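Here's the letter readout for the chains.
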Amino acid sequence: MKSVLLSIELTIFCIFENMIRTIFLFALILPLLVACPISNSSTKAANELYANKMDFKKWKKLSFKSVSFVLPQKFEEEVSFDYTINKYSSKQYSLQSLFLYFSVEIFSDTSATYLQYVNNQKSNLHAVQKNYVNSILVSLIGNYDAGYRISEIKQLNKNCLSQVIIENFNRQNKWDSDQTSTYFIATKKINKSFYVFQFVGKTENMHFLQDDFFKIVNSAR
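The rules behind these values
Residues numbered from 1 in each chain as written. Predicted model: local features only at pLDDT ≥ 70, side-chain atom pairs only at ≥ 80, totals over all residues. Heavy atoms only, no water. Phe/Tyr/Trp six-rings, centres within 6.5 Å; stacked < 30°, edge-to-face > 60°. Helix = DSSP H or I, 4+ residues; strand = E, 2+ residues; numbered from the N terminus. Buried < 20%, exposed > 50% of the residue type's maximum accessible area, 1.4 Å probe, protein only. Salt bridge = Lys/Arg side-chain N within 4 Å of Asp/Glu carboxyl O. Pairing = 2+ DSSP bridges. Contact = heavy atoms within 4.5 Å.

Draft legend 1. Broad picture of the packing of aromatic side chains. Within the structure shown, the criterion is met by 14 aromatic pairs. Plain terms: the ring middles of Phe-102 and Phe-199 are 6.5 Å apart, the flat faces sit at 70 degrees to each other, and that makes the pair edge-to-face. Of the two residues, Phe-102 sits in strand E5 (residues 100-107) while Phe-199 sits in strand E10 (residues 193-202), which places them 97 residues apart along the sequence. The residues Phe-102 and Phe-199 share a single accessibility class, namely buried. Aromatic pair Phe-199 and Phe-213: ring centres 6.1 Å apart, planes at 15 degrees, arrangement stacked. Here Phe-199 is found in strand E10, whereas its partner Phe-213 is found in helix H6 (residues 210-219), with 14 residues between them in sequence.

Next up, the structure:
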């Protein structure tokens with residue numbers, strides 16, 4: 001009888017000891033669980049950007065046709081859809097977790113001369129810029145009757161122009177995503193060709209990223 005009671009007591013003691021050990025281990029790892037939440041790509045990417053004062057920390061060098069330029073390292077080539085005038089003379093990249101899109105498109109001097117002639121612009125550079133901006137505006141018409149605002153042309157230097165378009169999205173149905181988008185568009189003449197750079201994202205974020213866009217444009221050579 002004593003041996004049976006001893007066995008029962010020993011079993012109870014072992015169960016209790018295991019419970020204490022489990023509680024103790026949980027208490028040790030709890031701070032780690034709190035400090036390291038489940039990773040969310042969007043939150044992580046945003047936090048990295050905020051921590052660096054809304055400037056991308058890591059950059060990479062890319063090339064397209066005969067030019068090279070820098071782009072934030074997290075951007076990847078976009079193959080799902082195209083948002084340029086001619087996909088065969090352009091390249092698209094995106095950072096999906098932050099809803100950011102970038103493209104570069106080339107126009108020959110012959111094309112620029114034609115655009116200058118038919119649009120009666122003062123230079124090939126202005127003609128390419130004006131044509132690209134107009135193409136964007138045409139694409140916005142009919143987008144749930146979204147309105148837009150467009151800035152005046154800014155001369156970055158003698159070979160580069162830039163403008164900003166803000167698309168005011170008007171919600172039509174309660175399930176629509178009420179998102180206002182901002183487009184940065186810059187045209188730069190390099191050698192005898194014209195390159196249009198486009199940077200698109202949520203308006204609430206884009207005014208922090210304009211200097212990053214200028215960094216991309218200024219790096220193109």
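So that's the structure; there's more coming.
Draft legend 2. Spatial organisation of the pattern of salt bridges. Per the counting criterion, the structure on display carries one salt bridge. Residue Lys-91 is joined to Glu-77 by a salt bridge in which the shortest nitrogen-to-oxygen separation is 3.4 Å. In this pair, Lys-91 sits in strand E4 (residues 90-95) while Glu-77 sits in strand E3 (residues 76-77), placing the two residues 14 residues apart along the sequence. Under the relative-accessibility criterion, Lys-91 is labelled partly exposed at 28%.

Draft legend 3. Just the pairing of strand E2 (residues 67-72), in detail. Of all six residues that make up E2, five are buried, and the element is covered over most of its length. Where strand E1 (residues 59-64) lies against E2, six bridges are found, and the strand directions are antiparallel. In the strand pairing of E2, Phe-64 is matched with Val-67. Remark: two residues form the turn of the hairpin made by E1 and E2, two consecutive strands paired antiparallel; Lys-65 in that turn has positive phi of roughly 55 degrees.

Draft legend 4. Fine view of unusual backbone geometry. Here Lys-65, not a glycine, exhibits a phi torsion of approximately 55 degrees, which is positive. Structurally, Lys-65 is set in the loop between E1 and E2. Residue classification places Lys-65 among the exposed residues on the basis of a relative accessible area of 56%. You will see that Asn-191, though not glycine, has its phi angle at about 60 degrees, which is positive. In this fold, Asn-191 is placed in the loop between strand E9 (181-190) and E10.

Draft legend 5. A look at the side chain of Asp-212. Residue placement: Asp-212 occurs in helix H6. Residues within four places of Asp-212 in sequence aside, it is in contact with Met-54, Asp-55, Phe-56 and Trp-59.

Draft legend 6. Inspection of the pairing of E5 at higher detail. Counting buried residues in E5 gives eight out of eight residues, a clear majority hidden from the surface. Side chains Leu-100, Phe-102, Val-104 and Ile-106 of E5 all project onto a buried face; the interleaved residues Tyr-101, Ser-103, Glu-105 and Phe-107 project onto the opposite face, where all are buried too. In this sheet, E5 lies alongside E4 in antiparallel orientation, the contact comprising six bridges. In the sheet register, Tyr-93 faces E5, and the bridge partner there is Phe-102. The loop that links E4 with its antiparallel partner E5 comprises four residues; one of these, Phe-99, has a positive phi angle of about 55 degrees. Where E5 and E10 come together, seven bridges link them in antiparallel fashion. For Ile-106, the partnering residue across the bridge sits in E10 and is Tyr-195.

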